[in-house]
Structure formats: C-alpha cells, structure tokens
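Take a look at the letters that make up each chain.
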Amino acid sequence: MSDLLSIGTSGVIAYKRSLATVGNNIANVDTEGYSRQIHSTEQDIGSTSALINLGNGVLSESVRRAYDSFATGSFRNNTSMLEQQDTLYTYARKLEDIMGDSNLSLTSALDKFFASAQALVASPASGSARQGFLTEAKGVAERFKSISQQLDQLDVASAEEMGSRVDSLNSLTKQLAIINYSLMAKGDVNKQPNGLLDQRDQLLQEISELVKIESVERPNGVVDVYVGTKDTGLKLIADVTSYAVKASVSEVDAEKLILTLDPYGEPKSIGNGYGGKVAGIQEFRGGTLTAMRNRLDGIANAFMTQVNDVQMSGLDAIGNVGRELFGVNDSTQRAAGQMQVLLTGVDDIATASPLIVDQNSESSSLRLKSWDMTTLASNGEVDVNVSITFLANSQYEITDSNGTSDPIDYVPGQLIEGEGWTASFVNTPNVGDSFVVRTNNATSGDNRNMMAMAALQTDRSVFDGLGSFSEIYADVLNELGSTVVQSSISRDAQQVLADEARNAKDSASGVSLDEEAANLLRFQQAYQANAQIIQTANKLFDAILNAG
Amino acid sequence: MRVTNSMIFDRVITQLNNQQARLAATQEKISSGQNLLKPSDAPDQVAALDRLESRLRLTERYLSNIDSVKDKLNQQELAVNTMNDDLSRVKELLIQGANGTLDASARGALAIELKEIYNSMISLGNRKDVDGTYLFAGYVQDKAPFDFDEMKSFLSNDADVAFTDVYQGNDEIQSVTVDDGYHLEVGVPGSQLFAGFNNSKQDPEPTSIFAVIKLAINGLEENDVEKIAQSIDDVENALKHVNNQLAMIGSKSNTAETQLQIHQSRLDSYEVAVSRIEDLDYASAVTELKNQSLALQAGQASFAQISNLSLFNYIR
C-alpha cells in the first residue's frame with residue numbers, strides 16, 4: 001500500500017540519515033584513519049501485483065565507507081619505505097653530527113701528536129718537549145676514545161629505539177587480533193561496522209610505519225598479516241592470533257640486530273630490509289654505523305701499529321730498546337674505544353736510533369740504510385761493534401765479535417750487510433779508511449728515530465696509498481657526508497611517492513568540507529521537501545474531513 | 001581528483017616547514033659566517049678543507065722548526081764569532097810575546113790572559129741553546145761536552161793528550177725536519193768546530209784549538225821563542241778553520257731562511273684556499289635569505305587565502 005504520508009515519512013527518515021552521515025563526516029574531518037561515509041538510498045518499489053505501480057518512497061540501503069583498497073595498500077607500502085629512509089637519514093645525520101664536529105676531529109688530534117713529535121725532533125734533549133709528546137699521545141688516544149664513545153651512545157640509542165619499536169609492533173598486532181575477533185561475528189565485510197573497519201585499517205597503517213606488511217582480507221573483513229609479502233610466510237597475525245617479534249643483538253656481530261618472529265613458540269628469523277622504521281634501524285646499524293666504526297678502528301689500528309713499530313725500532317733516553325707507546329686491553333674488542341698510552345716516563349720515548357757510525361775517512365762516509373730491532377736486540381739489548389777497514393781501494397775486511405773476515409771486494413753502490421742492519425757508502429772509500437758501526441751510546445740527544453716518527457704523518461704508504469694519517473679522516477668525512485646526502489635524496493624521493501599515495505587514499509576516503517557543505521544543503525532541501533509532502537498529505541486528509 | 005581538507009592543510013604545513021628549514025639553514029650560515037657547517041653540505045669540499053687545514057698546521061709546524069733551527073744556528077754563530085775574537089786576541093798576545101825584548105816574566109804575564117781565554121773557550125764549548133741543548137756536543141746531551149777539571153789537567157799535563165780523550169760529545173750532527181723528507185743539519189759538532197785541522201808542522205794527526213792554546217801558553221811560560229813562533233802559525237790555521245766553520249753555519253742559516261720563505265708563501269696560499277672553501281659569500285647568502293623569506297611570506301599569504309575558502313562561508 002502506498003500513500004503520500006508514508007512516502008513523505010520515508011523521505012524524511014532517509015534524508016535525516018543522510019544529514020546525520022554528513023554531520024558525522026564533518027565531525028570527523030580531522031580524525032586520523034576516518035573514512036568518509038556515504039549513505040546510499042534505494043527506491044521502495046512497492047507492490048508488483050497492482051495494476052498501477054506506484055512507488056512506496058525511499059529506503060536506506062547502507063552507510064558505507066568511501067574506500068579504495070588499492071590506494072590504501074599503496075599508501076601503506078609507501079609509508080613503510082618512507083619510514084625506513086627517514087630513520088636511516090635521521091641516524092646518518094646524528095652520526096654526521098658526531099664525526100663532523102670539528103671539536104672531535106681526528107685529524108686535528110693526529111696533527112697535534114705529530115707536531116709534538118716534530119718539536120721533539122727539534123729539541124730531543126728537552127724534558128718539556130718529551131712531556132709534550134706523551135701528552136699529545138694521550139690526546140690522540142682520548143680523541144679515538146671519545147669518538148668511539150659517541151658511537152657507542154648512538155649504538156645504544158638505536159638498539160633501545162629498536163626495542164621500543166618492536167614493543168609497539170607487538171602491541172599493535174595484539175590490538176589488531178582483537179579487532180579480527182570482533183569482525184568474526186559477521187560473515188560479510190559489507191555488514192561490518194564502519195568504525196571497526198577504520199580501526200582495522202588504522203592499525204595496519206601504524207604497523208606499516210614500523211615494518212612493511214602485506215595484509216590478506218577474508219570475506220568478512222578479518223585480515224591475516226605477513227611481514228614483507230605473504231610469500232615470506234612470516235605471519236604476524238593469523239585469524240585472531242598475533243605473533244610477537246623479538247629484537248636481539250647478534251652474537252657474532254654486536255652491530256647486528258636480529259628480529260625473531262614468535263620467539264617463544266616456533267621461532268622464525270626475520271631478515272633485513274623489509275621496510276619501516278625497524279628496517280631503517282637495522283640498515284643503519286649494519287651499514288653506515290658499522291662502516292664508520294670499521295673505518296675508525298682501521299685508522300686506530302694502523303696508527304698504533306705504525307707508531308709502535310717506530311718506537312720499538314729505536315732506543316730510549318737511557319739506551320734501552322723502545323717499548324710500545326700505545327696498546328689496548330682486549331685485542332678482540334674494537335681498538336679505537338680502548339686505546340691507551342702505555343709509557344709513563346718521558347725517558348721511555350725512543351727518540352734515538354740504535355746504531356751509530358764512526359767515520360774515519362776524508363772523502364767517504366758510511367750511511368745506515370735499515371735495521372731490524374728484532375735481530376739487533378735478540379738478547380734484549382743492542383750490542384753491535386763492527387769495523388769495516390779498507391785494505392785496498394776496492395777491498396775491505398770486516399771485524400766483529402767473531403773475528404776478522406777474509407778480504408772482501410767492494411763494488412761501488414754495494415750494500416754492506418751486518419747482522420740486523422744494512423748500510424751503504426757515500427763516495428767510494430780509499431785505502432786506509434775505516435768505519436765502525438756500533439751501538440749508539442749517546443741516545444740523550446739523538447733525534448733520528450723521532451724524525452722517523454714525525455715522518456709517519458705524511459707517509460702515504462700507511463693506508464696502501466689512500467692517504468696519510470693527516471688525510472685519511474678527510475675520506476671518512478667525505479664518505480659520511482655523501483652517505484647523508486644520498487639518504488637525504490632517497491628520503492625526499494620517497495616522501496614524494498608517499499605524499500602521492502596519501503593523496504590518492506585521501507582523495508577516495510578523505511572528507512572535503514565543501515562537498516559536505518553542498519550535501520548538507522542538498523539533504524536539507526530534500527528533507528524539507530519531504531516534510532512538505534507530509535504536510536500536503538495532511539492537507540489532503542483535512543480536505544476530505546471538511547468535505548462532509 | 002577530490003581534494004580533501006587534510007590534503008590542503010597537510011600540503012601547506014609541509015611546504016611551510018620546508019621553507020622554514022631552508023631559511024633557518026641560510027640564517028645559520030650567515031650568523032656563523034661559514035659556508036660549510038657539516039660534511040653533507042658538500043662532502044668533497046669538507047674533505048678538501050680537512051686536508052688543507054692539516055697541511056696548514058703541518059706547514060706552521062715546519063715554520064716553527066725552521067725558527068728553532070735558525071735560533072740554534074744563530075747561537076752557534078754568536079759562539080763561533082766569539083771564538084774568532086778570542087783567537088785573534090791569542091794571536092795578538094803571541095805577537096807581543098814574540099817580541100825579542102820581552103823577558104820571561106813579561107811573557108808569563110801574557111800567559112795569564114791566555115789561560116783566561118782557554119777557560120772562556122771551554123765555556124763556549126759548553127754553551128746551550130734555549131731548550132737546554134748543548135750546541136757543540138752532537139748526540140751526547142746528558143753531560144757537558146767539556147769537563148772543566150779534565151780540561152785543566154789537559155792543560156797542565158806535559159804529555160800530549162788527544163782531543164778525543166777530553167771531548168765528551170760525539171761526531172754526529174742533529175738534523176731537524178723542515179719539509180716532508182727534508183732535514184736540515186743544525187750546525188757543527190764540537191769535534192768538528194774545536195778540532196780536525198792540522199797544525200803548522202803538518203803533523204798527520206789533526207790538532208785542536210785547545211792544543212793550540214796550550215802550546216802558546218807553554219811557549220810563553222817556558223819563554224820558548226820557537227814554540228811561540230810555531231804557535232802563531234798554529235793560531236793562523238785555527239782562525240782559518242774557525243772561519244770555515246762560520247761560513248758553513250752561515251750557509252745553513254741561508255738555507256733555513258730560503259726554506260722559511262717557501263713555507264711562508266705556501267702558508268699564504270693554503271690560507272687563501274681554506275678561506276675560499278670555508279668563508280661564506282655574504283652577498284649571495286643574503287640574497288638567498290631574501291628570496292627564501294619572500295617565498296615563505298608568499299606561502300603564508302596563500303595559506304591565509306586558501307583557508308578562507310569554504311562553502312560554509314556562503315551558506316546563511
């Protein structure tokens with residue numbers, strides 16, 4: 001049966017609902033995760049048996065979310081990529097702040113150390129120059145240590161962030177499992193409360209900030225969630241069950257953080273690079289942070305080795321064989337953080353060379369070319385006394401503790417080789433010339449070994465030709481700066497993609513106040529018109545009543 | 001495409017944030033006067049700057065090494081000049097002593113002044129530079145090259161004592177690094193300055209200044225005209241020797257001076273290079289700041305415009 005009153009009533013009811021939907025949209029204009037809702041109506045077709053088919057008015061069909069599953073999924077993926085890049089960039093900047101700080105520059109500390117070596121070359125007998133050298137040696141060790149400590153702090157901070165991110169992830173997946181449970185009540189996603197679906201999507205969005213996921217929706221709207229893609233089989237949520245993730249430090253590599261899914265059930269290892277903040281932290285630690293620590297350690301080890309080698313191939317102020325200047329407590333740990341100065345006394349600095357040559361010749365001199373302290377001081381101290389006497393213009397004999405050799409023919413340019421040392425002549429000696437290579441007994445004023453120490457500063461062979469101690473840190477800065485620039489570019493590019501994806505999603509699901517304002521007017525007018533229908537029906541009824 | 005309210009507002013906020021950030025970066029550059037504040041501003045430039053600054057510090061270090069070399073050489077020059085004066089005085093005294101009219105007591109009186117000169121020669125040999133390094137001892141720095149008691153007995157001993165037996169230094173010359181791989185010898189050891197020349201008799205064994213003065217004192221005290229005459233010739237030889245040494249020290253000073261100028265001009269060029277990389281071009285930075293603040297103002301103004309646009313304004 002169709003009558004004007006019920007038709008008007010159906011219109012009033014329907015447009016009141018439409019107005020309520022508009023009101024709800026306007027109210028939620030700034031609600032995160034809210035999807036615009038649309039009230040759709042259909043005509044009430046009325047009786048089909050009647051001869052004349054009049055409509056019965058309007059029926060509310062549904063209030064549905066404006067939703068584009070592709071845009072929503074794409075936004076989630078882009079969010080994961082953006083958060084990964086952003087995290088990487090943020091940490092790279094922190095690292096840059098540490099290593100690029102001119103107060104923490106390794107170059108200036110190394111330069112100061114070598115400058116103090118130069119000052120000691122100029123005044124080998126000066127106690128204050130010796131003290132200065134030890135002080136700057138400590139300065140270098142301290143500088144390595146403070147950079148290393150700053151890196152430790154970044155290490156700790158990023159591990160802590162990983163912990164809290166994983167906690168959030170576990171809490172979000174738990175909440176989503178509860179939503180899934182609520183969704184189980186109905187069999188069709190179209191029958192599900194819009195708010196519940198919005199909550200579900202918002203949780204998926206928040207999860208994808210932390211880690212890249214793929215969600216697979218069942219017909220009733222329940223989602224199964226996988227890390228990465230569903231092909232990985234790494235289920236975060238299956239049905240109403242959520243599986244926890246645990247972050248732990250690798251036993252073999254302290255910088256590596258391992259993620260384990262379902263650690264207390266059937267543990268499965270989650271690899272790297274699945275996107276999201278979590279992957280950003282993993283990538284930073286495994287990449288840039290590890291690389292920088294390795295570079296720092298490489299420099300620290302090379303520096304200690306080179307300086308100690310020189311120190312141990314000389315004699316100290318008392319005439320003892322030089323001992324190591326730098327050392328570490330635990331050689332299995334990173335060197336930079338535990339470098340220390342082992343020498344305490346200023347007389348321990350080996351400024352002197354172990355050998356000295358007495359020249360008894362008018363025209364020629366014997367110059368030491370090289371020596372090997374291990375051989376020279378095989379019994380703990382240097383004991384060399386070797387005479388080279390020219391019997392004829394090109395024939396000499398060698399006298400040492402073993403006695404005198406048979407005459408040896410001299411070829412100009414030829415090396416004279418002793419036990420643990422080599423030397424060569426400048427100008428050819430004449431008959432009667434003699435030379436004595438002996439233990440240096442005047443170490444207090446000999447600066448030759450310190451000269452070799454100071455020369456390390458500009459020695460480019462130290463890092464296989466890549467640069468000297470003065471230059472190598474510049475490469476580190478260059479590398480780090482380039483990393484930051486690269487990650488900034490990647491982040492900005494990803495930002496553009498994420499913005500586009502957000503716009504696509506918003507374009508479908510977002511609230512436009514202008515649109516709602518127009519709808520408000522439209523539904524208000526429709527409502528008023530329907531009210532007019534009711535009034536007309538009333539007037540018609542009155543007319544019948546008054547007809548009698 | 002539907003444009004929603006959150007799209008409009010988010011975009012505006014992002015844009016304003018970006019503009020603010022750019023403006024703040026330029027402002028920081030201007031207030032610090034530095035073009036490069038962190039490695040990522042220009043990684044290769046920051047690296048180049050680090051290398052240049054290191055090179056600059058090293059050059060400064062070489063300059064102070066050269067100063068120290070020059071200082072040591074100056075001290076030696078002063079000492080050798082005094083030796084020269086002293087030896088000339090010895091020669092004068094000997095020429096007086098050679099005068100046939102002088103008697104033994106007059107010659108004895110001359111010998112007293114010679115002994116003074118002998119002593120002053122010892123203290124010259126023991127001179128130190130400002131860092132307390134013995135100027136004429138070679139590598140031996142834990143004791144003075146000449147011991148006064150030893151030298152006194154050297155004088156009073158009748159037998160000839162070799163110079164090497166009283167000289168406590170060695171024959172080595174300290175070098176100081178004045179450039180990468182370039183070392184400059186600092187002066188001459190005592191064994192070269194005070195000995196190593198031949199006497200007038202052309203003995204095969206070289207003699208020393210102390211032996212020459214000793215012979216002169218002995219000649220005067222013993223009233224031995226022949227010895228006095230020989231001493232005059234010996235002193236001549238000694239003077240020649242000392243002058244040679246002085247020339248050698250002088251030439252080393254010249255080398256040091258040349259090296260100083262080389263480093264000084266290098267230092268200047270490094271400083272120019274550092275400033276070119278590091279120092280901000282204020283004119284362009286200020287222009288940039290103006291442009292950026294203009295862009296920000298435009299952004300803010302357009303936001304005000306857009307945010308006023310709402311259909312609700314027209315529904316009454």
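Above this note sits the structure.
This text gives an overview of the structure that appears in the document. (Residues numbered from 1 in each chain as written. Chains lettered and ligands numbered in written order. Predicted model: local features only at pLDDT ≥ 70, side-chain atom pairs only at ≥ 80, totals over all residues. Heavy atoms only, no water.)

### Looking at the overall build of chain B
A tally of regular secondary structure across chain B gives nine helices and four strands. Overall, chain B shows an N-to-C arrangement of helices and strands of α-α-α-α-α-β-β-α-β-β-α-α-α. Rg of the C-alpha trace for chain B: 39 Å, well past the compact-globule value of 20 Å for 316 residues, more than 25% over. In chain B, which comprises 316 residues, the share counted as buried stands at 45%. For chain B, the proportion of contacts with a sequence separation of at least 24, taken over those separated by at least 6, is 72%. Element-wise, carbon and sulfur atoms account for 50% of the exposed surface of chain B, whose accessible area totals about 15600 Å². Averaged over its 28 positive side-chain charges, chain B has a centre that lies 13 Å from the centre of its 46 negative ones. (Helix = DSSP H or I, 4+ residues; strand = E, 2+ residues; numbered from the N terminus. Rg over C-alpha atoms; globule rule 2.2 N^0.38 Å. Buried < 20%, exposed > 50% of the residue type's maximum accessible area, 1.4 Å probe, protein only. Contact = heavy atoms within 4.5 Å. Areas by Shrake-Rupley, 256 points an atom, 1.4 Å probe, with all protein chains shown as cover. Lys, Arg positive; Asp, Glu negative; His and termini not counted. Charge placed at Lys NZ, Arg CZ, Asp CG, Glu CD.)

### A word on the sheet that holds strand 19 (residues 421-426) of chain A
Residues and elements named next belong to chain A. Taken together, three strands build an open sheet; the order of strands is 13-19-18 and the sheet is antiparallel. Taken across any chain shown, the strands that pair with only one partner, and hence form the sheet edges, are strand 13 (365-371) and strand 18 (416-418). The average angle at which neighbouring strand axes cross in this sheet is 25 degrees, direction not considered. Here three bridges tie strand 18 to strand 19, and the two strands are oriented antiparallel to one another. Directly across from Glu-417, in strand 19, lies its bridge partner Thr-422. (Pairing = 2+ DSSP bridges. Axes fitted to C-alpha atoms, helices over the stretch in contact; angles between N-to-C directions.)

### Concerning the packing of aromatic side chains
Across all of its chains, the model carries 28 aromatic pairs over all chains by this definition. For the pair Phe-113 of chain A and Phe-326 of chain A, a centre-to-centre distance of 6.1 Å together with 55 degrees between the ring planes defines the contact as tilted. Of this pair, Phe-113 of chain A sits in helix 3 (residues 106-122) while Phe-326 of chain A sits in strand 10 (residues 326-327), placing them 213 residues apart in sequence. Of the two residues, Phe-113 of chain A and Phe-326 of chain A, both sit in the buried class. Ring plane angle 85 degrees and centroid distance 5.5 Å describe the contact between Phe-303 of chain A and Phe-469 of chain A, whose orientation is recorded as edge-to-face. On the criterion of sequence distance, the pair formed by Phe-303 of chain A in helix 6 (residues 276-312) and Phe-469 of chain A in helix 9 (residues 469-509) is long-range, its members being 166 residues apart. Both residues of the pair, Phe-303 of chain A and Phe-469 of chain A, belong to the buried class. Between the NZ or CZ atom of Arg-65 of chain A and the centre of the ring of Tyr-67 of chain A, over which it lies, the distance is 4.3 Å. The ring centre of Phe-154 of chain B lies 5.0 Å from the NZ or CZ of Lys-214 of chain B, which sits over that ring. (Phe/Tyr/Trp six-rings, centres within 6.5 Å; stacked < 30°, edge-to-face > 60°. Lys NZ or Arg CZ within 6 Å of the ring centre and 35° of its normal.)

### Examining the interface of chain A and chain B
Across the boundary between the two partners, chain A contributes 57 residues, which contact 45 residues of chain B. Linking chain A with chain B are four salt bridges, by the criterion used here. Arg-51 of chain B is paired through a salt bridge with Asp-475 of chain A; the nearest N and O atoms lie 2.4 Å apart. One can count 22 residue pairs in polar contact (both at pLDDT 80 or more) joining chain A with chain B. Among the elements of the structure, helix 2 (69-99), helix 3, strand 12 (355-360), helix 8 (448-455), helix 9 and helix 10 (513-547) of chain A are those that each provide at least two residues to the side of chain A that touches chain B. Partitioned by chemical class, the residues of the side of chain A that touches chain B number 25 nonpolar, 20 polar and 12 charged. (Salt bridge = Lys/Arg side-chain N within 4 Å of Asp/Glu carboxyl O. Polar contact = N/O pair within 3.5 Å; in protein donor to acceptor, adjacent residues only side chain to side chain. Nonpolar A, V, L, I, M, F, W, Y, C, P; charged D, E, K, R; others polar.)

### Section: unusual backbone geometry
At Asp-239 of chain A, a position not held by glycine, the phi torsion is positive, near 60 degrees. When you line up the elements, Asp-239 of chain A lands in the loop between strand 5 (235-238) and strand 6 (241-242). Taking the relative accessible area as the measure of exposure, Asp-239 of chain A reaches 25% and is therefore partly exposed. Of note in the backbone geometry, Asn-223 of chain B takes a positive phi value of approximately 55 degrees without being a glycine.

### Re the pairing of strand 15 (residues 395-400) of chain A
All names here are of chain A. Where strand 14 (residues 385-392) and strand 15 come together, five bridges link them in antiparallel fashion. Note on strand 15: the bridge partner recorded for Ala-392 is Gln-395. With two bridges joining them, strand 15 and strand 17 (residues 408-409) adopt antiparallel strand pairing. Paired with Tyr-396 across the bridge in strand 17 is Ile-408. As paired strands, strand 15 and strand 16 (residues 403-404) are joined by two bridges and run antiparallel to one another. By the bridge assignment, Thr-399 is partnered in strand 16 with Thr-404. A loop of two residues connects strand 15 with strand 16, the two strands running antiparallel in sequence.

### Digging into the sheet that holds strand 7 (residues 245-249) of chain A
The pairing of strands in a sheet comes from backbone hydrogen bonds and takes either a parallel or an antiparallel form. Residues and elements named next belong to chain A. Reading across the sheet, the three strands line up as 7-8-9 and stay open at both edges, with antiparallel pairing between neighbours. Each edge of the sheet is formed by a strand with only one pairing partner; in this case those strands are strand 7 and strand 9 (268-270). Strand-to-strand twist across the sheet, computed as the mean angle between neighbouring axes with direction ignored, equals 35 degrees. Where strand 8 (residues 257-261) and strand 9 come together, three bridges link them in antiparallel fashion. Along strand 9, the bridge assignment pairs Leu-261 with Lys-268. Helix 4 (residues 127-183) contacts strand 7 and strand 8 of the sheet and is inclined by roughly 165 degrees relative to strand 7.

### Some remarks on the pairing of strand 4 (residues 223-227) of chain A
All names here are of chain A. Counting buried positions along strand 4 yields five of five residues, so the element is predominantly enclosed. The alternating pattern of strand 4 places Val-223, Val-225 and Val-227 and Asp-224 and Tyr-226 on opposite faces, both of which are buried. Summarising the sheet, strand 3 (residues 213-217) and strand 4 pair through five bridges and their orientation is antiparallel. Residue pairing across strands places Ile-213 opposite Val-227, the latter belonging to strand 4.

### What to know about the side chain of Ser-148 of chain A
Residue and element names in this part refer to chain A. In this structure, Ser-148 sits in helix 4. Within the structure, the side chain of Ser-148 is placed 3.5 Å from the backbone nitrogen of Gly-337, a separation counted as a polar contact. Excluding residues that lie within four positions of it along the chain, Ser-148 makes contacts with Arg-293, Leu-296, Ala-336 and Gly-337.

### What about a negative patch on the surface?
There is a patch of like negative charges on the surface, built from Asp-147, Asp-149, Glu-150 and Asp-165 of chain B. Residue Asp-149 of chain B is classed as exposed on the basis of its relative accessible area of 58%. (Patch = residues over 30% accessible without salt bridge, like charges linked within 9 Å, V, L, I, M, F, W, Y side chains within 5 Å.)

### Description of the pattern of salt bridges
Enumeration according to the criterion identifies 41 salt bridges over all chains in this entry. In this structure, Glu-217 of chain A and Arg-200 of chain A form a salt bridge, with 2.7 Å as the shortest nitrogen-oxygen distance. Within this pair, whereas Glu-217 of chain A is found in strand 3, its partner Arg-200 of chain A is found in helix 5 (residues 194-210), the two being separated by 17 residues in sequence. Look at Glu-217 of chain A and you get partly exposed, because its relative accessible area is 42%. The shortest N-O distance in the salt bridge between Asp-129 of chain B and Lys-72 of chain B comes to 2.7 Å.

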